[in-house]
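# Overview (structure and organization)
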Amino acid sequence: MADRPLSIDVRHPLILKANDLVLLTREDGEIVHGAPGFGLFYRDTCYLAAYAFRLHGTAPLLLMSSDSEGIAARIALTNRHLTTANGHVVADHKLSLRRTLLVLDDAPVFVDTIAIRNFGLERVTLPVSLEFSTTFESMFVLRGAPAGKRGRVHAPEWDETALRFSYEGADGVLRTLLVDFSVPPLIAPRTTEQSIAHFEVSLEAQASQDIIVTCRVDERPVGMAPPGSSRPARSAEEMRLAQEQASKALLDGYATVETSAKGFGEALARSLTDVALLSVRRRDQRFTAAGVPWFVGLFGRDSLLPTIQCLPFNPDLGRRTAMALAKWQGKKDDIKTREQPGKILHELRVGELAHLREVSQTPSYSAVDSTLLFLIAIARHVAWTGCLDLFEALRPNIHRALDWLDRKAAENEAGYVTYEGLADDGQPINQSWRDSGDGVLRNDGQYPKPPLALVEVQGYAYQARTLMASVFRHAGDNAKADRLLVDAHHLRARFLKDFWMEAEGCYCLALEDEGRQVSSVTSNAAQVLWTGIASPEHAHRTAERVMESDMFSGWGVRTLSANHPRFDPLAYQQGSVWPFDNALIVSGLRRYGEDAAAMRVTVATLEVADSFRLKRLPEFIAGTQRLSGDKPTHTPRADPLQAWSAAALPFMTTELLGLEADGFERTLHVRRPMLPDGVDALCLRGLRMAGTTVSLKFTRQADHIKVSVIDGGERLELLVE
């Protein structure tokens, strides 16, 4: 997900989301014209590119804002010193302006409730204005892509009831933003993209007035009757009740965390809320979207990994996402989209450019690892739930995915999963999670020569085969299970020899053409531990290597060693620290008994979360070395909300607690449970596994962590090891 210009900076926004509808504003609620990434977005289109509230022509002063609910934001503002047209002076801070921004999926709709109160001693009469602007720009264009074929943007229309912005797309879709007001405005002259609504507010001392602005988004085929503007306005109380109902429903089905450590609990609650926010429903499909603002859509790797990470908290996430991806499984060979029979997509877009086939994400299959993670996600879901329903529903898709894996392995003598492709400048067209042009580099800083076999991808292939072997055995197909284990065994034997760098004490990043090692030291070497393909000796030495100062920044494990000639701590994948990457590393460290290192990485990640607004982990942070008194650096290029970053802390938590379910045996193993310092007790309530629900309490005692069942768990065996 690296195809956007570096100049885009979306740090510290207010973020609201309801299904496909996403709103990003500044902390004062304003959408600034010409600031890509801020706006009202729906299905890969920006419906509102500028939105500004003015009090007597001036921007009010921000006092406070909070968007912790995810669907609503509360903003407190006040006036600056004002002089009205008739010379009346309004002293600063005499007007209270409280705004509630709310997004709902029932239209979809964005509502701005503006409550203005006069705390002065005299009557105040002031002009208020709201500015709107849109050209219905594609998300791809906002990120720097050519505009391509365009349709017709209509001038805003005012029918004395609602303000209508509309665009007849070149793809035959009529996109409309319909704005209505609870107080009749005076509409200024309109341009092809901008309109201003003017109001006069007159308030006695201590009096207040609400202005409710409702923005409805609509998509329908060109030629159909446009949406009507006679919908009755909702009151502020109706908006409040709708907000409460939507907030309550957000975390339905999720296990919850209670802990004595406030900061830890808040970070976990934030993470789970963000994962829930990124759920999308389209017709009969429901899945976890990759992130905000650019990636609200169905992805392979980026949608699957969060569902794997959050499996104990909500097993439904993996089931839904796997079902959605199965419907788009590759059927043919296509050079442009990189579709292949059995392959799982990388990215699906649904906006104008996708409809016109002017972008390749229709869908794109340019990920070498999505198919492997698809198999892993299904197998882990089956093992946790002890239920074969998902496996049986997707059995044909699973066979096709395994056939794809066999064909990829047969493409080279060593049996590795590789990818090809070079850009015009000689950069590899990378198809792993390190998907930037500079994501995969030789130790001398040069580009390797494809085909490339990434180290963690081979680990994914190994884990996919071993986990699926267990599933097939439970399904009664022992012959298939045996073949998968034989293939996994042969892969591991070759891997341990070909990828190991004795001098560095870790695995290399990749093998390039003719099997040469790409000998850069990267976090990928430690991701391998999560997959189980590493030998115990290699795992121990790799753990030691990635905790050295050139790899561990103090805030986490860097993507690239600080000793590398192309190290850049602010760059996308050349030394930055990614939370999702570190979460997989923690899981791998725990798998091989490297508990002290796992705790150190987890605590660093918690400290990163504690330093950011709402305790929300961004896509990545700078890989600068941590010094005394420092705080982590949020880089301009990092997306503010991504599913796999949100899922990182929940995954680290369940890995520290040592949870491993055998759903078929109705047994929950708790292996070497650990709690971070300062966390003396933790409760997990509502874990769903093996057809039952259980709540657990972890309590620190003198020299160990006590684990007890506090609710549920009928016919479930708890084994603490």
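The numbering scheme is per chain: residues are counted from 1 as the chain's sequence reads. Only residues with pLDDT of at least 70 get local features here, since the model is predicted, and only at 80 or more are side-chain atom pairs given and counted; chain-wide, interface and lining totals rely on the full set of residues. Each side-chain value is worked out from all heavy atoms of the structure, with water and hydrogens disregarded.

### Digging into the sheet that holds strand E36 (residues 692-700)
With antiparallel pairing, the four strands of this open sheet are ordered in space as E21-E35-E36-E37. A single partner strand is all that each edge strand has here, and the edge strands are strand E21 (256-259) and strand E37 (705-712). Strand-to-strand twist across the sheet, computed as the mean angle between neighbouring axes with direction ignored, equals 20 degrees. Pairing between strands is defined by DSSP: at least two bridges between the two strands are required. Numbered from the N terminus, helices here are DSSP runs of H or I no shorter than four residues, and strands are runs of E no shorter than two. Relative to strand E35 (residues 681-689), E21 runs antiparallel, the two sharing four bridges. Among the inter-strand pairings, Thr-256 is bridged to a residue of E35, identified as Arg-685. Every angle, taken between N-to-C directions, lies between 0 and 180 degrees, and every axis is a line fitted to C-alpha atoms, over only the stretch in contact when it is a helix.

### A few points about the environment of Leu-317
Residue placement: Leu-317 occurs in helix H5 (residues 316-326). In this scheme, a residue with accessible area under 20% of its type's maximum is buried, one over 50% is exposed, and one in between is partly exposed, where area comes from a 1.4 Å probe on protein chains only. You can call Leu-317 buried: its relative accessible area is 3%. Note: C-alpha distance between Leu-317 and Thr-307 (10 residues apart in sequence) is 5.4 Å. Residues are treated as being in contact if the distance between any of their heavy atoms lies within 4.5 Å. Residue contacts for Leu-317: discarding those within four places in its chain leaves Tyr-254, Val-275, Thr-288, Thr-307 and Cys-310.

### Points about the pattern of salt bridges
Here, a salt bridge means any Lys or Arg side-chain nitrogen found within 4 Å of an Asp or Glu carboxyl oxygen. According to the stated counting rule, one finds 50 salt bridges in the structure shown. Between Lys-262 and Glu-266 there is a salt bridge, and its shortest N-O distance comes to 3.9 Å. Here the residue Lys-262 and the residue Glu-266 both occupy positions in helix H3 (residues 262-277), the gap between them amounting to four residues, near one helical turn. Of the residues examined, Glu-266 reaches a relative accessible area of 34% and is grouped as partly exposed. Measuring nitrogen to oxygen at the nearest pair gives 2.5 Å for the salt bridge that ties Lys-327 to Asp-284. Of the two residues, Lys-327 is situated in the loop between H5 and strand E26 (347-348) and Asp-284 in the loop between strand E22 (279-282) and strand E23 (285-288); the sequence distance between them amounts to 43 residues. Look at Asp-284 and you get exposed, because its relative accessible area is 60%. Taken together, the salt bridges that share partners define one network made up of Arg-26, Asp-28, Glu-30 and Arg-54.

### Here's the deal with unusual backbone geometry
With the exception of glycine, the majority of residues adopt a negative phi angle, and the majority of peptide bonds are in the trans configuration. Here the amide bond leading from Val-292 into Pro-293 is cis, since omega sits at 5 degrees, within 30 degrees of zero. Along the chain, Pro-293 turns up in the loop between strand E24 (291-292) and strand E25 (298-299). A cis amide bond, omega 5 degrees, links Pro-450 with the succeeding residue Pro-451. Position of Pro-451 relative to the elements: it lies in the loop between helix H9 (395-410) and strand E27 (453-454). Positive phi is not limited to glycine here, since Asp-44 has a value of about 70 degrees.

### So, the sheet that holds strand E34 (residues 667-670)
With mixed pairing, three strands are arranged side by side in an open sheet as E33-E34-E38. Looking at the sheet topology across the chains shown, the edges are occupied by strand E33 (659-662) and strand E38 (717-720). Each neighbouring strand pair of the sheet contributes to a mean axis angle of 20 degrees, computed without reference to strand direction. Bridging between E33 and E34 involves four bridges; their strand directions are antiparallel. The residue of E34 that forms the bridge with Glu-660 is His-669.

### Quick notes on the nonpolar core
Counting residues in each nonpolar core, the largest one holds 222 residues, and the members touching the most others are Phe-132, Leu-177, Phe-181, Phe-374, Tyr-507 and Phe-698. If we skip the residues at most four places from it in the chain, Phe-181 touches Leu-130, Phe-132, Trp-158, Leu-163, Ile-187, Ala-197, Phe-199, Ile-212 and Val-213. To form a nonpolar core, buried Ala, Val, Leu, Ile, Met, Phe, Trp, Tyr and Cys residues must be joined to one another through side-chain atoms within 4.5 Å.

### A word on the packing of aromatic side chains
Aromatic rings from Phe, Tyr and Trp, with only the six-membered ring used for Trp, were paired whenever their centres fell within 6.5 Å, and each pair was classed as stacked if the ring planes differed by under 30 degrees, edge-to-face if by over 60, and tilted otherwise. Within the structure shown, the criterion is met by 24 aromatic pairs. Between the aromatic rings of Trp-433 and Trp-578, the centroid separation amounts to 5.3 Å while the plane-to-plane angle is 65 degrees, which identifies the pairing as edge-to-face. Separated by 145 residues along the polypeptide, Trp-433 in the loop between H9 and E27 and Trp-578 in the loop between helix H13 (536-546) and helix H14 (579-591) bring together distant segments of the chain. Accessibility assignment for this pair places Trp-433 and Trp-578 in one class, buried. What links up through ring pairs into an aromatic cluster is the set Tyr-51, Phe-110, Phe-132, Trp-158, Phe-165, Phe-181 and Phe-199. A ring has a charge above it when a Lys NZ or an Arg CZ is no more than 6 Å from the ring centre and no more than 35 degrees off the ring normal. For the cation-ring pair, Arg-626 lies above Trp-555, with the distance from its terminal atom to the ring centre recorded as 3.8 Å. The ring of Tyr-572 carries Arg-637 above its face, with NZ or CZ at 4.6 Å from the centroid.

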